[in-house]
Amino acid sequence: MVSFAGNLRHPDRIAAMAERLRHRGPDDSGTLTSPKCILGAERLRITDLRSEGRQPFADRADKAWLAANGAIYNAGQLRSRYADYPYRSGSDIEPLVPLYLDRGTDGITAIDGMFALAIWDAPNRTLVLARDRAGEKPLFWIQADSEIWFASEIQALLGRERRRVDSSALIDYTTLGYVREPRTIFAGINKVPAGTALIFSGPEPVVHRFWHPEQIPTSDADIDTATAALDTALSTAVARQVIADVPVGVLTSGGVDSSLLAVMAARAVAPNRLRTFSVGFTDRRFDERTPAADLARLCGSIHSAIAVDDDALCTAFDRATARIAEPLSDPALLPTILLAEHARQTAGVVMSGEGADELFGGYPTYVGHRIARAYRAVPTAARRALQSLLERVPASHGKVTWDFLLRRFVRHAGTGLLARHVAWFGTGLSPSVLTARGSADLAIESEDLADELARVMFLDYRTYLPDGLLTKIDRATMLVGLEARAPFLDREVMTLALGLPTAFKVRGIGTKWLLKRVAQRYLPDGLVLRRKRGLSVPIASWINGGLRQEVNRLLDRERLEAGETFDAGQVIELLAAHRDGRANHARELWPLIVFERWKERWMGGT
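Note that the coordinates shown come from a computational prediction; the quantities given were computed from them, not determined experimentally.

Chemist: Help me understand the overall build of the chain, please; the structure alone is not making it clear to me.
Modeler: When its secondary structure is counted, the chain shows 24 helices and 17 strands. Relative to its length of 606 residues, the chain is compact, with a C-alpha radius of gyration of 24 Å against a globular reference of 25 Å. With respect to the principal axes defined by its C-alpha atoms, the chain has extents near 75 × 60 × 45 Å. The buried share of the chain, reckoned over its 606 residues, is 58%. Taking contacts inside the chain between residues at least 6 apart in sequence as the whole, the part at least 24 apart equals 72%. By element, 51% of the accessible surface of the chain is carried by carbon and sulfur atoms, the whole surface being about 23900 Å².

What follows is the structure, encoded as structure tokens:
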């Protein structure tokens, strides 16, 4: 916390803030204090496990105080560049102090890694808050009169003041399933945007965006050159990210992304030292443990897996809504929490495949966009007949099935690019489900991109990746003090991927074409060409089974009418159709269930 007018009014509240973040750093704590600034850090020991690595760090003249959450992968190079600086530790964070003293905020561009950092520049009375390029690590802030308070998670900033839902954020949530930066679900609490530094010399920040992915030019490299370049960049990223003073593992699903990371990681660590972890379900339609075990045998890792049933999902749901102060509608959060808890027993760092789908074209929706133009040329009568036929196909509660994808495709293929993408990729909820009317004001930052597919992939990279996927993996892992790293989000890998033409990513009905070419150098074809699965969760059957009574309570008509957030009639009809087997509305119902539970815990039910 920092004051820009007089001394801090409530310095004693730093202790409560620290306590609410202790799960992120259970190993050590530290603070630096002055009348105008208190900087605290809860430490998770990953590099240099000695007490000397405790944060915050400061130079000997107390010109710059620094606290950061994350991992700096080029710390060795920075330490060598500033070899004359009197380091007190071997921490990967400490070299950021001499970097700032030398280059100020311009030095942030020299950092390779995932980070959320706060720097108090005492001589200039300036506060710097910054996040890494992709948004792997979170950072939130509020303005209270002339003071700025900041923290790694929202709950540390919640006081006794009346809490209000941001109406625009709620529209985002019901439309997309997540809230886009810089908003949060709470009015008045803000996110520092990914790839951005906020510079405070007073209550209002100057915004300095240091990462400009929309300006990366399209590469003219041929496919063989691009394949070799990606192989080198990704294997280098993995080699850097397995460096830690604690055991390292990989979260695996048996899919191509995590499998490629696991094989590369196994080559970068000592033999039989890599750990791999997977999660499956007692419902065999959703179980991915067998392919994950096959991968472990291939790369020689120490493998362990857990099975998840309805009771375990209920436990994870309780834990998520009780301890995470924002509604996260991705059902995969729940098994990820359970997997993280399991992995934490034997590892301190895990790698995961976040970013591969957005950067290399992994989602079925990208194929759908390519097909939509041809489909719109089909006579209207034929399209209507196909849609009518598909609507009569019985709803399935299994994984993402062909009938589900085809039904969703024909409903929306004739709409405009953004509307189509949101319909395919969002929650599926109608805007009218909100009692307060409105729609998500989506725009694609790189409108100059002529290729429609490039535009929606860039949109997902700038929104769904940081605000949906990375939020999920960070909260799930840090809930148990486990550090998650994403090699696909290494700066060199991202730069290469963002500059690739879409023809290197999606070809015909095939996805991640270039990435699979690299994977074929390391993995058998059967695994590389295996249909994309992801961490699918049996939410549809769970709503009608193990969670039935809780769903009845949360989506009760009287409760919804009293809450005045959602149209009770629409919600009740969605639930009734789902229960009767007339439709699979799990996709639409789950964000509502999560929100109602979140509101009960964090808003007092109001």
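Chemist: Just to check I follow, could you spell out helix 15 (residues 452-462) for this structure?
Modeler: Within an α-helix, residues lying three or four positions from one another point in the same direction, as the helix has 3.6 residues per turn. Burial runs high along helix 15: 10 of the 11 residues are buried. Within helix 15, the full set of buried residues consists of Leu-453, Ala-454, Arg-455, Val-456, Met-457, Phe-458, Leu-459, Asp-460, Tyr-461 and Arg-462.

Chemist: Would you explain the sheet that holds strand 12 (residues 205-209) in this entry?
Modeler: Strands belonging to one sheet form pairs held by backbone hydrogen bonds; the direction of such a pair is parallel or antiparallel. If you trace the 6 strands from one edge of the open sheet to the other, you get 4-5-6-7-11-12, paired in antiparallel fashion. A single partner strand is all that each edge strand has here, and the edge strands are strand 4 (57-58) and strand 12. Looking at chain direction, strand 7 (residues 126-131) and strand 11 (residues 196-200) are connected through 4 bridges and run antiparallel. Across the sheet, the residue bridging to Leu-129 is Leu-198, located in strand 11. Here helix 3 (residues 96-103) sits on the sheet and contacts strand 4, strand 5 (64-72), strand 6 (113-121) and strand 7; the angle it forms with strand 5, its principal contact strand, is near 125°.

Chemist: Honestly, empty space enclosed by the protein in this entry has me stumped. Any pointers?
Modeler: Over the atoms rolls a probe the size of a water molecule, and its path tells where empty space is left. Under the criterion given, the structure shown has 9 cavities of 30 Å³ or more. Taken together, 39 residues make up the lining of the largest cavity; nearest its centre are Ala-41, Glu-42, Ala-68, Asn-69 and Ser-152. Among the elements of the structure, helix 1 (14-20), strand 2 (28-33), strand 3 (38-43), strand 5, strand 6, strand 9 (147-151) and strand 17 (483-485) are those that each provide at least two residues to the lining of the largest cavity. The leading source of residues in the lining of the largest cavity is strand 3, at 6 residues. When grouped by side-chain class, the residues that make up the lining of the largest cavity number 22 nonpolar, 10 polar and 7 charged.

Chemist: Quick question: what am I supposed to make of the pairing of strand 11 here?
Modeler: Within a regular strand, side chains alternate between the sheet's two faces. Taken across its 5 residues, strand 11 has 5 buried, putting it largely inside the fold. Taking the residues that link successive antiparallel strands as the turn, the strand 11-strand 12 hairpin has 4 residues.

Chemist: Sorry if this is basic, but what is going on with the side chain of Ser-91 here?
Modeler: When you line up the elements, Ser-91 lands in the loop between helix 2 (75-81) and helix 3. Ser-91 gets classed as buried once you look at its relative accessible area, which sits at 5%.

Chemist: Help me understand the environment of Glu-153 in this model?
Modeler: Mapped onto the elements, Glu-153 comes out in the loop between strand 9 and helix 4 (167-176). Spatially, the C-alpha atom of Glu-153 lies 8.2 Å from that of Ile-324, the residues being 171 residues apart in sequence. Contact partners of Glu-153, with chain neighbours within four places excluded, come to Leu-21, His-23, Arg-24, Phe-140 and Arg-475. Within polar-contact distance, the side chain of Glu-153 engages the side chain of Arg-24 at 2.7 Å.

Chemist: Explain the sheet that holds strand 16 (residues 349-351) to me, please; I cannot follow it from the model alone.
Modeler: Across the sheet, 5 strands lie side by side as 15-14-13-16-17; this open sheet has parallel pairing. Every interior strand has two partners, whereas the edge strands, strand 15 (302-308) and strand 17, have only one. On average, each strand axis in the sheet is inclined to that of its neighbour by 30°, with strand direction left out of account. Taken together, the 3 bridges between strand 13 (residues 248-251) and strand 14 (residues 275-281) define a ladder with parallel strand orientation. If you follow Gly-249 over to strand 14, its bridge partner there is Arg-275.

Chemist: Please explain the packing of helix 9 (residues 333-343) against helix 16 (residues 464-478) as it appears in this structure.
Modeler: In a pair of packed helices, the angle between the axes and the distance between the axes together describe the arrangement. Where helix 9 meets helix 16, the closest approach of the two axes is 8 Å, and the angle between their N-to-C directions is 35°. As for how helix 9 packs across helix 16, the hand of that crossing is right-handed. Residues Leu-333, Thr-336, Ile-337 and Ala-340 of helix 9 pack against Lys-472, Ile-473, Ala-476 and Thr-477 of helix 16. Tallied by class, residues from the contact of helix 9 with helix 16 come to 5 nonpolar, 2 polar and 1 charged.

Chemist: Honestly, the side chain of Thr-276 in this entry has me stumped. Any pointers?
Modeler: Relative to the helices and strands, Thr-276 is located in strand 14. We classify Thr-276 as buried; its relative accessible area is 1%. Polar side-chain contacts of Thr-276 include one of 2.8 Å to the side chain of His-303. Aside from chain neighbours lying at most four places away, what touches Thr-276 is Val-250, Thr-252, Ala-262, Ala-296, Ser-301, Ile-302, His-303 and Ser-304.

About the cut-offs
Residues numbered from 1 in each chain as written. Predicted model: local features only at pLDDT ≥ 70, side-chain atom pairs only at ≥ 80, totals over all residues. Heavy atoms only, no water. Helix = DSSP H or I, 4+ residues; strand = E, 2+ residues; numbered from the N terminus. Rg over C-alpha atoms; globule rule 2.2 N^0.38 Å. Buried < 20%, exposed > 50% of the residue type's maximum accessible area, 1.4 Å probe, protein only. Contact = heavy atoms within 4.5 Å. Areas by Shrake-Rupley, 256 points an atom, 1.4 Å probe, with all protein chains shown as cover. Pairing = 2+ DSSP bridges. Axes fitted to C-alpha atoms, helices over the stretch in contact; angles between N-to-C directions. 1 Å grid on protein atoms, 1.4 Å probe; cavity = no way out; pocket = protein on both sides within 12 Å on 5 of 7 lines; lining within 4 Å. Points joined across faces, edges and corners; volume = space filled by probe spheres on them. Nonpolar A, V, L, I, M, F, W, Y, C, P; charged D, E, K, R; others polar. Polar contact = N/O pair within 3.5 Å; in protein donor to acceptor, adjacent residues only side chain to side chain. Left-handed = near helix turned anticlockwise from the far one by under 90°.

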